[in-house]
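Breakdown of the fold
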Amino acid sequence: MELQRKQSKQEDEQMCDLPEPIIHKILFLLNTKDAARTSVLSKTWQRAWTSFPRISFEELDFNAGGIEQPNYYPKTNKAIKMKKESFMAYIDKTLQSFLEHNSNIEEFTLKLTYHDKEFVLPRVVKWLTFATERKVKVLSLCLSIIDFIDEHKLLGKQVYYSLPQVVLEAKTISELQLSHCKLEPCNEFKFCHLKTLNLNDVHLDEQVILNLTLSCPLIEDFRLNNCQGFEHLMVSSLPRLNLFHVVANTKVLRIEIDGPSLQTFHYWSRYSYGLDNEHCDIYLEACKNLKRLFFHNIMAVELLENIGSKFPTLEVLEISEWKMTDIEISCQTLRVLTLENCRDLEVVEVDTPNLVSLHCRMNKLPFYSFDAPSLLEVELKFYLRSCSNLWFDELKKLVGKFNNSEGLNLVIHSKCNGILLDGLNERVLSWLIDLTELRPTIAISSMGLSNLVERFLLDSHVETLSILSSSSKLLEVLNEKLINRLFKSRCLHDSLSGVKVVNLDREEDLEFSKWIALSKSHETMDYKITSFKLEWM
């Protein structure tokens, strides 16, 4: 016992005397509340904490994210207010300790939820002044302001607040993230070192966007998420712009980007356009170095016309919720193509000689022509409902065009039951038509069966899983992986609470009888079967 105490004391002393850079690495792994607690360990830790270059204040970490409501008991509203006041007092105390040691701050994060404008804004300005005076480089500000409209300050609505002038004048900021505020044409931006700009639910108009681009020529990463106040989005004068990301939940009629260095463009529309041919016109022809294009929920067929000549370096194209009936994709440089949930799409012509990866998740086979001789990675996902013999014939033709078709694997599953089949051939494809009455989902993938098991279980929490393979060795490996839950994904390891091998012949559930017959029918094809019962948290 005495020896153990000496060893423990020695370890504590070693911990207390760690070099400051090592302590900073440890503090980076903690939230601000826990990081501050380490200052009591020793004077070394206290010095490291007061010189720590990153501070993050998030109200939810302190369980202070509630909002007073008129239907709450007065005692409840009082407790909510006290938690918020206690949290803000903690911020004041923490910043005071940094002030006493005159330390600079590289990163400053402030996330507050639902506050009275008159109550919180003066404090926020004080905290932001502290950060900007200490030459902050990375600033993240998420502040939900409530404008109370009754004398008791219980009824109110969320409003956009004007960004404090102290932030607008912060010349040292290189990365800025803002939420729930408004930027106005009268604002004078002095972000001369700004490289990353992320705006979430921010109100700004076309003039503000123009002012931003003219005032911040070093921007490389520009993101607009659920922002509003504009219908036309024109961006130029950003010679270093590498990524432009837009998520729109209001109507946007025109997007025009002139970015000679732009490599990634992402447009995700949450707005439902009408039936009067109203759509968003997107012009990217000036972006000759574009490599990655992502589109969701748009009507812009002109954008894909002559896409190969418009974007001579394009490598990745992802289209989801496409609103047109036909598209032609002809591009010599394209390597990755994804089509997802394009319900209106009837005809797809693909001419991509260097395509190596295809991902298609739809209820139909719209491929009118398909030329991709270099294809290596395939993922097809369909929902079998009332598919005809003709549909399966088209599927056979498509799969036959894949050079590695013999290496494809098959997943068949409903809500509760799943089957993974090692290997895919014409006989299996012919046999799939008998499954339509089970209304399953099928997936054809070039992913190895071991990784496919993990991917499948992450997406579908089935109660029973059968794995069919001609390799007994592979089944042994998968059996060990499932029973011992040897997954790469920590999430899957935690959510799957139990796995046990079962004999399907003893299954008494009548609804499962067809799945039993389905699995057993493959024994005539030299397949071995292992089945599992899965229990989820």
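Position numbers for residues count from 1 along each chain, tracking the sequence in the order it is written. Local features in a predicted model are, by the rule used here, given only for residues with pLDDT of at least 70; side-chain atom pairs are given and counted only at 80 or more, and totals for whole chains, interfaces and linings are based on all residues. Only hydrogens and water are removed before side-chain values are computed, so all heavy atoms of the structure are retained for them.

The name an unreviewed UniProt entry assigns to the chain is F-box domain-containing protein, from the organism Quercus lobata.

**As for helix α8 (residues 206-215)**
Just so we agree on the cut-off: Relative accessible area decides the class of each residue, using a 1.4 Å probe on protein chains only: under 20% of the type maximum gives buried, over 50% gives exposed, and in between gives partly exposed. The helix count covers DSSP runs of H or I at least four residues long, the strand count covers runs of E at least two residues long, and both are numbered beginning at the N terminus. Contacts: residue pairs with any heavy atoms within 4.5 Å of one another. Under this definition, polar contacts are N or O atom pairs within 3.5 Å; protein pairs additionally need one hydrogen-donor-capable and one acceptor-capable atom, and for neighbouring residues in sequence, both atoms have to be side-chain atoms.
Within the sequence span of α8, burial applies to Val-208, Ile-209, Asn-211, Leu-212 and Thr-213. Buried residues along α8 sit in contact with β8 (196-200), β9 (221-225) and β10 (232-235). Capping the start of α8, Asp-205 holds a side-chain oxygen 3.1 Å from the backbone nitrogen of Gln-207, two or three residues further along.

**Some remarks on the environment of Leu-337**
Take Leu-337: it is sitting in strand β18 (residues 336-340). As for Leu-337 and Ser-357, which are separated by 20 residues in sequence, their C-alpha atoms are 6.3 Å apart. Contact partners of Leu-337, with chain neighbours within four places excluded, come to Leu-317, Ile-329, Val-350, Leu-355, Ser-357, Leu-358 and His-359.

**Structural notes on the pattern of salt bridges**
This is how the line gets drawn: What makes a salt bridge here is a side-chain nitrogen of Lys or Arg within 4 Å of a carboxyl oxygen of Asp or Glu, nothing more.
Counted according to the given criterion, the structure contains 14 salt bridges. Here Lys-397 makes a salt bridge to Glu-394, at a shortest N to O gap of 3.8 Å. With Lys-397 and Glu-394 both in helix α10 (residues 389-400), this residue pair falls 3 residues apart, about one helical turn. Assessed through its relative accessible area of 52%, Lys-397 is described here as exposed. Taken together, the shared-partner salt bridges connect Glu-340, Arg-361, Glu-379 and Arg-455 into one network.

**Digging into the pairing of strand β11 (residues 243-248)**
This is how the line gets drawn: Strands are labelled as partners when DSSP assigns at least two bridges between them.
Of all the 6 residues making up β11, 6 are buried; the element is thus mostly covered by neighbouring parts of the structure. Across the two faces of β11 the burial is the same, with Leu-243, His-245 and Val-247 and Phe-244, Val-246 and Ala-248 all buried. In the sheet, β11 pairs with strand β13 (residues 264-269) via 6 bridges, with the strands oriented parallel. Paired with Val-246 across the strands is Tyr-267, a residue of β13.

**Some thoughts on the environment of Phe-294**
Within the secondary structure, Phe-294 is located in strand β15 (residues 292-296). Overall, the relative accessible area of 17% leaves Phe-294 in the buried class. Through-space distance from the C-alpha of Phe-294 to that of Leu-317 is 6.0 Å; in sequence the pair is 23 residues apart. Apart from the residues within four sequence positions on either side, Phe-294 is in contact with Thr-264, Phe-265, His-266, Tyr-267, Val-316 and Glu-318.

**What to know about the pairing of β10**
Along β10, the buried face is formed by Leu-233 and Val-235; none of His-232 and Met-234, which line the opposite face, is buried. The sheet contact formed by β10 and strand β12 (residues 254-257) spans 4 bridges and is parallel. Paired with Met-234 across the bridge in β12 is Glu-256.

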